[in-house]
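Descriptive analysis of the structure
Below are the chains, spelled out letter by letter.
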Amino acid sequence: MLETMEQMRARASQCAEEIKKHSLIHVVSHIDADGLTSAGIICTALDRMGTNYSTRFVKQLDDMIITDLADQNHELVIFTDLGSGMLESIKSHGINAIVSDHHQPKGEMQNHINPHLFGANGSYELSGSGTTYILANALGDNRDLADLAIVGAMGDLQHMKMGYLTGINRLILKEGVDSNVINFEKDITLFGKQTRPVFKLLQFASDPYLPGLTGQEDACKNFLSKHVTRVSGDEGWRRWIEYDRDEKQKFVSALVQYCLSAGLQSYKIERLIGEVYTLLKEGEGTEMRDASEYSTLLNATARYDHAEIGLAVCMGNRGDAYEQARKLLAEHRKNLVEGLMFVKKQGLSKLTNLQYFDAGSSIRETIVGIIAGMSTSITNDRSLPIIAFADTDDGVKVSARGTQDLIRKGLNLSEAMSKVSAEVGGAGGGHDIAAGATIPVGAKNEFIQKLDDMIGMQIRNSKQ
Ligand code: C5P
Ligand code: C5P
Ligand code: ZN
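Below, the structure is looked at part by part. Starting from 1, residues in each chain are numbered consecutively following that chain's sequence as written. To read the labels, note that chains go from A and ligands from 1, taken in the order they are written. Only residues with pLDDT of at least 70 are given local features in this predicted model, and only at 80 or more are side-chain atom pairs given and counted; all residues enter the totals for whole chains, interfaces and linings. Water and hydrogen atoms play no part in the side-chain values, which are based on all heavy atoms of the structure.

Things to note about the environment of Val-343
Along the chain, Val-343 falls in helix H14 (residues 320–346). Residue classification places Val-343 among the buried residues on the basis of a relative accessible area of 1%. Along the backbone, Val-343 and Val-77 are 266 residues apart, and their C-alpha atoms lie at a distance of 40 Å. Setting aside residues up to four positions removed in sequence, Val-343 forms contacts with Leu-348, Phe-357, Ile-363, Ile-371, Ser-375 and Ile-378. Numbering of helices and strands starts at the N terminus; helices are DSSP runs of H or I of at least 4 residues and strands are runs of E of at least 2. Residue burial is assigned from relative accessible area. The probe radius is 1.4 Å, only protein chains are included, and a residue is buried under 20% of its type maximum, exposed over 50%, and partly exposed in between. Contacts: residue pairs with any heavy atoms within 4.5 Å of one another.

Written out as structure tokens, the structure reads:
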């Protein structure tokens with residue numbers, strides 16, 4: 001891994017030389033936590049050099065946006081957390097570009113920095129923000145931005161494979177620990193440890209789904225009353241960070257016992273404990289203190305057309321932008337719960353090699369992928385990848401999510417989505433474990449049948 005890091009640093013230095021030649025740069029990034037933290041890292045680095053920049057956030061990079069960027073005649077465009085799937089198009093439009101990304105590359109480009117080029121996997125060993133952190137550190141000493149790099153990796157769920165960050169992500173984590181901006185420890189993985197009363201951690205648990213607790217407020221409150229001596233403090237229900245060591249231990253053993261008697265499989269119970277990452281510069285009890293909560297706060301902005309708010313938070317705004325982000329977060333949470341309820345009610349349709357649901361216009365296309373990922377917790381069948389459809393203005397959005405087990409068996413969603421969407425007149429890409437596409441209205445049936453065949457083929461071929 002150290003060798004890969006060195007190779008990436010060399011490529012970053014080459015890109016930095018080009019960046020240093022320009023005084024005005026256009027940054028184009030992706031509308032999610034990883035895209036925002038990537039932009040936050042590169043824009044902070046440019047600020048520190050006294051270089052001017054403008055920004056643009058997009059759902060995905062397609063030919064129309066690339067044509068538009070070419071028409072704008074920027075001196076230099078830095079693409080972060082996207083671009084690797086569109087290298088040929090960027091080149092053919094004559095855009096002077098740096099691409100700092102971690103998606104599976106298609107084509108080639110000189111100023112292209114991506115873990116896949118150096119033998120590392122961009123779905124769990126390095127995020128877009130981590131790649132951009134390496135680039136930023138070729139421009140100057142920006143090691144204090146390691147915390148943002150980790151937030152981006154958590155936003156892309158890069159810790160899920162092992163239960164902790166690994167690969168180059170881990171090297172960056174160590175740099176962050178050395179710079180005193182972040183630390184890591186084993187703790188409960190339920191979401192909301194900094195900001196929410198503990199019963200809500202149970203009530204909104206989705207990975208794993210806790211039978212008899214998830215979605216049931218009263219049951220969660222009863223669980224606490226039974227197992228925790230002091231459920232409330234001066235300010236009402238206590239949060240996880242207010243529990244002492246002993247209380248935490250009692251709670252965890254009670255919860256594990258509960259899960260065992262509820263018949264939850266052991267691999268699911270194991271996921272209750274994992275490595276968690278704390279941002280030491282952030283105030284205790286704020287979303288930004290915990291890398292996972294921070295990434296959700298950011299998703300709540302960019303995925304709702306308010307990337308500028310998320311970017312301002314990444315660049316240190318703890319006033320207006322932070323307040324607005326928190327309002328958006330409340331809305332985002334509501335949408336996630338409603339989306340999951342929709343899937344639960346409608347159920348998943350099964351084909352031979354995949355299962356799918358069609359959200360129509362009930363789930364926003366920018367969060368349907370998150371919900372597809374979360375719905376692994378409500379289906380009992382983890383042996384098939386989950387595909388989700390949602391209506392968009394310019395066609396149908398498709399999101400696909402797999403599991404590590406399926407990848408070991410040969411599944412590559414990026415390849416499957418990219419090929420099959422192209423066959424029906426759409427476009428897509430992503431990672432082996434999570435990919436997306438946009439296809440024309442009316443192509444849904446043909447698409448899902450072909451995707452079913454393609455995934456079947458991937459798994460059969462790797463058996464031989
Ligand atoms: O653009 P992009 O790299 O952001 O997206 C990665 C996506 O992959 C995220 O939506 C993330 O939630 C998903 N993912 C997943 N399971 C994993 C790893 C990533 O669903 N184990
Ligand atoms: O949108 P969704 O969360 O499902 O995206 C999953 C992954 O697929 C992300 O990494 C995203 O960047 C990628 N994707 C893509 N092309 C699309 C849609 C999504 O490469 N048209
Ligand atoms: Zn990413």
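Let's pick the thread back up.
Considering the environment of Arg-408
Note on placement: Arg-408 falls in helix H16 (residues 404–408). For Arg-408, a relative accessible area of 60% corresponds to the exposed category. When the C-alpha positions of Arg-408 and Ile-459 are compared, they lie 9.1 Å apart, and in sequence the two are 51 residues distant.

Observations concerning the site of ligand 2
Around ligand 2 lies a shell of 16 residues, among which His-103, Lys-397, Ser-399, Arg-401 and Gly-429 are the nearest. Two N or O atoms count as a polar contact when they lie within 3.5 Å, although within protein this holds only if one can serve as hydrogen donor and the other as acceptor, and sequence-adjacent residues are included solely when both atoms are side-chain atoms. Side-chain polar atom of Lys-397 to an oxygen atom of ligand 2: 2.6 Å apart, as the coordinates give it. Take Gly-430: an N or O atom from its main chain is 3.4 Å from an oxygen atom of ligand 2. Of all the secondary-structure elements, those providing two or more residues to the shell around ligand 2 are strand S13 (395–401), strand S14 (427–430) and strand S15 (434–439). Partitioned by chemical class, the residues of the shell around ligand 2 number four nonpolar, 10 polar and two charged. All the domain ranges listed were derived from an automatic or database domain assignment. Mapped onto the domain boundaries, the shell around ligand 2 takes at least three residues apiece from domain 1 (2–180) and domain 3 (347–457). We define proximity as follows: a residue is near a molecule or strand when any one of its heavy atoms falls within 4 Å of that partner. Under the convention adopted here, Pro, Cys and the residues Ala, Val, Leu, Ile, Met, Phe, Trp and Tyr are nonpolar, Asp, Glu, Lys and Arg are charged, and Gly plus all remaining residues are polar.

Concerning the pairing of strand S1 (residues 24–30)
Burial of S1 is extensive: six of the seven residues sit out of reach of the surface. In terms of strand pairing, S1 meets strand S2 (residues 52–58) through seven bridges, oriented parallel. Its bridge partner being in S2, Val-28 is matched across the sheet by Arg-56. By the criterion used throughout, a crossover qualifies as right-handed when its path from the first strand across the helix to the second strand runs clockwise, the strands pointing away from the viewer. As a crossover connection, the stretch from S1 through helix H2 (residues 33–49) into S2 is right-handed. Strands pair, by our definition, only if DSSP identifies at least two bridges between them. Two strands pair when backbone bridges link them, and S1 and strand S3 (residues 77–80) are joined in this way by four bridges, in the parallel orientation. When the bridges of S3 are listed, Val-28 appears paired with Phe-79.

Quick look at the coordination of the zinc ion (ligand 3)
Coordinating donors are taken to be N, O and S atoms lying within 2.8 Å of the metal, or within 3.2 Å when the metal is Na, K or Ca; because water is excluded from the atom set, some sites may appear incomplete. For the zinc ion (ligand 3), every protein donor is listed as Asp-34 (OD), Asp-81 (OD), His-102 (NE2) and Asp-156 (OD), and the spread of their distances is 2.1 to 2.3 Å. One chain supplies every donor for the zinc ion (ligand 3), spaced along it as D-x46-D-x20-H-x53-D. Note that His-102 is positioned in the loop between strand S4 (97–100) and strand S5 (112–113) and Asp-156 in the loop between helix H6 (146–155) and helix H7 (167–178), a separation of 54 residues in sequence.

Thoughts on helix H9 (residues 217–227)
Of all the residues in H9, the buried ones are Cys-220, Phe-223 and Leu-224. What you see down the axis of H9 is that its buried residues fit within an arc of 95°, all on one side. Facing away from the buried surface of H9 by more than 90 degrees, the exposed residues are Asp-218, Asn-222 and Lys-226. Packing partners of the buried residues in H9 comprise helix H8 (198–203), strand S8 (236–237) and helix H10 (245–261). The arc under discussion is defined with respect to the helix axis, by the directions toward the C-beta atoms.

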